[in-house]
Amino acid sequence: KIFQSNVLLKIFLNIRNIYVHNKGIVDEKFVKKTPKHEGFNFVKGKKFHVDFDQFILMSNNCINSAYQIDELISKKHRIQRRSSAFWDAKKKNKAP
């Protein structure tokens, strides 16, 4: 599972890079740096379109990766984790 999440993170970042730096066009550098993964077909010289299923897959992977990092750091440094509801309640109770 960790291997798959790392592969999807690399794909996500590389797609981000071709959109920012190459108008979404897949180039040689992208093809060399991007791991192969089922459901992603990259064609050199063509614009890559992220479909809804790919978007959901990569978004969920980013969220899960962030959650895992948070959990590992909390354990390592013995930091008590709290839900977002705790922080929302704390903001509401704060005097202006």
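See the structure printed just above.
What counts as what
- Residues numbered from 1 in each chain as written.
- Predicted model: local features only at pLDDT ≥ 70, side-chain atom pairs only at ≥ 80, totals over all residues.
- Heavy atoms only, no water.
- Helix = DSSP H or I, 4+ residues; strand = E, 2+ residues; numbered from the N terminus.
- Rg over C-alpha atoms; globule rule 2.2 N^0.38 Å.
- Buried < 20%, exposed > 50% of the residue type's maximum accessible area, 1.4 Å probe, protein only.
- Contact = heavy atoms within 4.5 Å.
- Areas by Shrake-Rupley, 256 points an atom, 1.4 Å probe, with all protein chains shown as cover.
- Salt bridge = Lys/Arg side-chain N within 4 Å of Asp/Glu carboxyl O.
- Expected span 1.5 Å × (residues − 1).
- Polar contact = N/O pair within 3.5 Å; in protein donor to acceptor, adjacent residues only side chain to side chain.

(A) Broad picture of the overall build of the protein chain. From N to C terminus, the protein chain includes four helices and zero strands. Ordered by position from N to C terminus, the α and β elements of the protein chain give α-α-α-α. At 18 Å, the protein chain has a C-alpha radius of gyration far larger than the 12 Å of a compact globule built from 96 residues. With the principal axes as the frame, the protein chain shows a C-alpha extent of 55 × 35 × 20 Å. Residues classed as buried in the protein chain amount to 21% of the 96 residues present. Long-range pairs, those at least 24 residues apart, make up 46% of the contacts in the protein chain with a sequence separation of at least 6. Working note: accessible area of the protein chain is about 8000 Å², and carbon and sulfur atoms make up 58% of it.

(B) Quick peek at the pattern of salt bridges. Applying the stated criterion across every chain yields a total of two salt bridges. Lys-75 is paired through a salt bridge with Glu-71; the nearest N and O atoms lie 3.9 Å apart. You can see Lys-75 and its partner Glu-71 sitting in helix α3 (residues 52-76), four residues apart, about one turn around the helix.

(C) Just α3, in detail. Across its 25 residues, α3 extends 36 Å between first and last C-alpha, which sits within 8% of the 36 Å expected from 1.5 Å per residue. Within the span of α3, buried status applies to Gln-54, Met-58, Asn-61, Ser-65 and Ser-74. A side-chain oxygen of the first residue of α3 lies 3.2 Å from the backbone nitrogen of Asp-53; this N-cap is Asp-51. Immediately beyond the C-terminal end of α3, within one or two residues, lies Arg-78, with a positive phi of roughly 55 degrees.

(D) Quick peek at the side chain of Asn-14. Structurally, Asn-14 can be placed in helix α1 (residues 2-22). Engagement of the side chain of Asn-14 in a polar contact is seen with the side chain of Thr-34, the distance being 3.1 Å. The residues touching Asn-14, leaving out its near neighbours within four places in the chain, are Phe-30, Lys-33 and Thr-34.

(E) Structural detail: the side chain of Thr-34. Looking at the element boundaries, Thr-34 is found in the loop between α2 (28-33) and α3. Among the polar contacts made by the side chain of Thr-34, one reaches the main-chain carbonyl oxygen of Phe-30 at a distance of 2.7 Å. Apart from residues no more than four positions distant in its own chain, Thr-34 is found in contact with Ile-11, Asn-14 and Phe-42.

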